Amino acid sequence: MSDEAKKTEKTSWFQGLKAEFKNISWPDRKTLIRETITVTVVSVVLGVIIAALDMVLQYGINFLV
């Protein structure tokens with residue numbers, strides 16, 4: 001492939017990337033904060049559930065052994 005063809009290919013790729021970035025719809029501040037809080041709360045709740053299950057299973061295994 002010639003140098004000019006590579007240069008054209010890269011330019012075309014960057015133009016496509018630029019066009020795609022124009023199509024992105026970013027959330028507004030209120031939505032972003034609400035979704036961030038939701039993800040954080042769900043992560044903490046799942047962490048607590050996993051920790052509780054781990055403790056129960058560990059207690060059960062230690063009881064059997």
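Being a predicted model, the structure only gives us computed values, none of them experimental. (Residues numbered from 1 in each chain as written. Predicted model: local features only at pLDDT ≥ 70, side-chain atom pairs only at ≥ 80, totals over all residues. Heavy atoms only, no water.)

This brings us to the overall build of the protein chain. Scanning the protein chain for helices and strands turns up two helices and zero strands. Across the 65 residues of the protein chain, 0% fall into the buried class. With an accessible surface of roughly 6,500 Å², the protein chain has 67% of that area assigned to carbon and sulfur atoms. (Helix = DSSP H or I, 4+ residues; strand = E, 2+ residues; numbered from the N terminus. Buried < 20%, exposed > 50% of the residue type's maximum accessible area, 1.4 Å probe, protein only. Areas by Shrake-Rupley, 256 points an atom, 1.4 Å probe, with all protein chains shown as cover.)

A full pass over the atoms with the stated rule returns one aromatic pair. Ring geometry for Trp-13 and Phe-14: centres 5.0 Å apart, planes at 80 degrees, overall edge-to-face. Accessibility expressed as a relative area gives 53% for Trp-13, which makes it exposed. (Phe/Tyr/Trp six-rings, centres within 6.5 Å; stacked < 30°, edge-to-face > 60°.)

Looking now at the UniProt feature "transmembrane region" (unreviewed entry) in the protein chain. Per the UniProt record, the feature "transmembrane region" (unreviewed entry) sits at residues 37-61. The span residues 37-61 shows a helical share of 100% and a strand share of 0%, and its end C-alpha atoms are spaced 36 Å apart. (UniProt positions renumbered as here; feature names shortened; annotations may be inferred.)

Another point: a nonpolar patch on the surface. A cluster of nonpolar side chains, namely Ile-33, Ile-37, Val-41, Val-42, Val-45, Leu-46, Ile-49, Ile-50 and Leu-53, defines an oily patch on the protein surface of about 810 Å² accessible area. Of note, Leu-46 is situated in helix H2 (residues 29-64). (Patch = residues over 30% accessible without salt bridge, like charges linked within 9 Å, V, L, I, M, F, W, Y side chains within 5 Å. Salt bridge = Lys/Arg side-chain N within 4 Å of Asp/Glu carboxyl O.)

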